[in-house]
Amino acid sequence: MIGEPLFDAESIAARVADIGTAISADYAGKTPLMIGLLRAAATFLADLARAVTIPCQLDFIAVNKYGDGDGIALEKDVAIPVEGRHVILVDDTVDTGLTLQYVVKRLLERRPASLAVCTLLDRPHRRIADIEIKYRAFEVPDVFVVGYGLDYLGRYRELPALYAHGTWPA
Ligand code: IMP
Ligand code: MG
């Protein structure tokens, strides 16, 4: 059940433009490798890449969660080598931070020149892992969010705005 947008398409576009400007300034003279976490961050990365005014490269990575605990495994790796690159890891939501902690660890093993985290949503009060977030579009309260790439059991990814979903997935 979804109601009024938490953030409408215009507010999202404005934050994406801000972050695009910040990345373009921070990485001027470099060609960052922007890596999106499939599948929810694909929409954000597609818009963000077009808000960046410096050359950049795009790739995607996917992880699987398994079991009831914090089991995480790489489902799909990047195709572009990470070593020596300025990597910007682009996620949809940093919640407990456990997913990102795993991906960051796996990428750092490959010795990138630098690694920064960019997230559409940050839900800091549920954090377990200590994650340094360089760019965030919105901080959200303790509600489950759908739309703009984010799903509830596979639904709502196609919506252009971000909505609070009445319940959390089981
Ligand atoms: P974490 O490992 O707890 O930080 O979980 C992060 C992942 O859970 C995100 O990358 C999302 O895919 C998913 N997730 C967390 N909160 C939400 C939400 O509100 N809506 C949709 N997906 C979410
Ligand atoms: Mg995700």
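Definitions and cut-offs
- Residues numbered from 1 in each chain as written.
- Chains lettered and ligands numbered in written order.
- Predicted model: local features only at pLDDT ≥ 70, side-chain atom pairs only at ≥ 80, totals over all residues.
- Heavy atoms only, no water.
- Salt bridge = Lys/Arg side-chain N within 4 Å of Asp/Glu carboxyl O.
- Helix = DSSP H or I, 4+ residues; strand = E, 2+ residues; numbered from the N terminus.
- Buried < 20%, exposed > 50% of the residue type's maximum accessible area, 1.4 Å probe, protein only.
- Pairing = 2+ DSSP bridges.
- Axes fitted to C-alpha atoms, helices over the stretch in contact; angles between N-to-C directions.
- Contact = heavy atoms within 4.5 Å.
- 1 Å grid on protein atoms, 1.4 Å probe; cavity = no way out; pocket = protein on both sides within 12 Å on 5 of 7 lines; lining within 4 Å.
- Points joined across faces, edges and corners; volume = space filled by probe spheres on them.
- Nonpolar A, V, L, I, M, F, W, Y, C, P; charged D, E, K, R; others polar.
- Right-handed = clockwise from strand over helix to strand, strands pointing away.

## What to know about the pattern of salt bridges
Piece 1. The full count for this structure, using the stated rule, is nine salt bridges.
Piece 2. In this structure, the salt-bridge partner of Asp-77 is Arg-110, at a minimum N-O distance of 2.9 Å. Taken together, the residues span a long stretch of sequence, with Asp-77 in the loop between strand S4 (71-76) and strand S5 (86-94) and Arg-110 in the loop between helix H3 (98-108) and strand S6 (114-122) at a distance of 33 residues.
Piece 3. With a relative accessible area of 33%, Asp-77 lands in the partly exposed category.
Piece 4. In this structure Arg-110 comes out as partly exposed when scored by relative accessible area, which is 25%.
Piece 5. Between Asp-122 and Arg-136 there is a salt bridge; the shortest N-O distance is 2.7 Å. Remark: Arg-136 occurs in strand S7 (residues 135-139) and Asp-122 occurs in strand S6; sequence separation between them is 14 residues.
Piece 6. Owing to a relative accessible area of 2%, Asp-122 belongs among the buried residues under this scheme.
Piece 7. Classification of Arg-136 by relative accessible area gives partly exposed; the value is 34%.
Piece 8. In the salt-bridge network here, residues are joined through shared partners; they are Asp-95, Arg-123 and Arg-126.

## A few points about the sheet that holds S6
Piece 1. A sheet is described by the order of its strands in space; here six strands give the open sequence S4-S3-S2-S5-S6-S7, paired in mixed fashion. Two strands bound the open sheet, and with one partner strand each, they are S4 and S7. Along the sheet, successive strands turn relative to each other by an average axial angle of 25°, direction set aside.
Piece 2. As defined by bridge partners, strand S3 (residues 57-66) adjoins S4 across five bridges and the pair is classed as antiparallel. Considered in S4, the bridge of Val-63 is made with Leu-74.
Piece 3. Where helix H1 (residues 9-26) meets the sheet, its contacts fall on strand S2 (33-37), S5, S6 and S7, and the angle it forms with S7 comes to roughly 160°.

## Side note on the pairing of S3
Piece 1. Pairing of S2 with S3, which is carried by five bridges, proceeds in the parallel orientation. Bridging across to S3, Met-34 finds its partner in Leu-58.

## Focus: the layout of surface pockets
Think of a ball as big as a water molecule: rolled over the atoms, this probe shows where empty space is left.
Piece 1. If you add up the space inside the largest pocket, you get close to 1200 Å³.
Piece 2. Forming the walls of the largest pocket are 38 residues, and the residues nearest its centre are Lys-65, Asp-92, Thr-99, Phe-144 and Asp-151.
Piece 3. Taken together, the elements giving at least two residues each to the lining of the largest pocket come down to S3, S4, S5, H3 and strand S8 (144-146).
Piece 4. Among the elements that take part in the lining of the largest pocket, S3 stands out by supplying five residues, more than any other.
Piece 5. Looking at the lining of the largest pocket residue by residue, the class counts come to 18 nonpolar, eight polar and twelve charged.
Piece 6. Lining the second largest pocket we find Val-104, Leu-108, Leu-115, Ala-116, Val-117, Ile-131, Glu-132 and Lys-134.
Piece 7. Elements with a contribution of two residues or more to the lining of the second largest pocket: H3 and S6.
Piece 8. For the lining of the second largest pocket, the residue count by class is six nonpolar, no polar and two charged.

## Focus on the pairing of S5
Piece 1. The buried fraction of S5 is high, at eight of nine residues.
Piece 2. Relative to S5, S2 is paired through four bridges, and the arrangement is parallel. Its bridge partner lying in S5, Gly-36 is registered against Val-90.
Piece 3. The sheet contact formed by S5 and S6 spans eight bridges and is parallel. Bridge pairing in S6 links His-86 to Ser-114.
Piece 4. The parallel pair S5 and S6, bridged by H3, forms a crossover whose chirality is right-handed.

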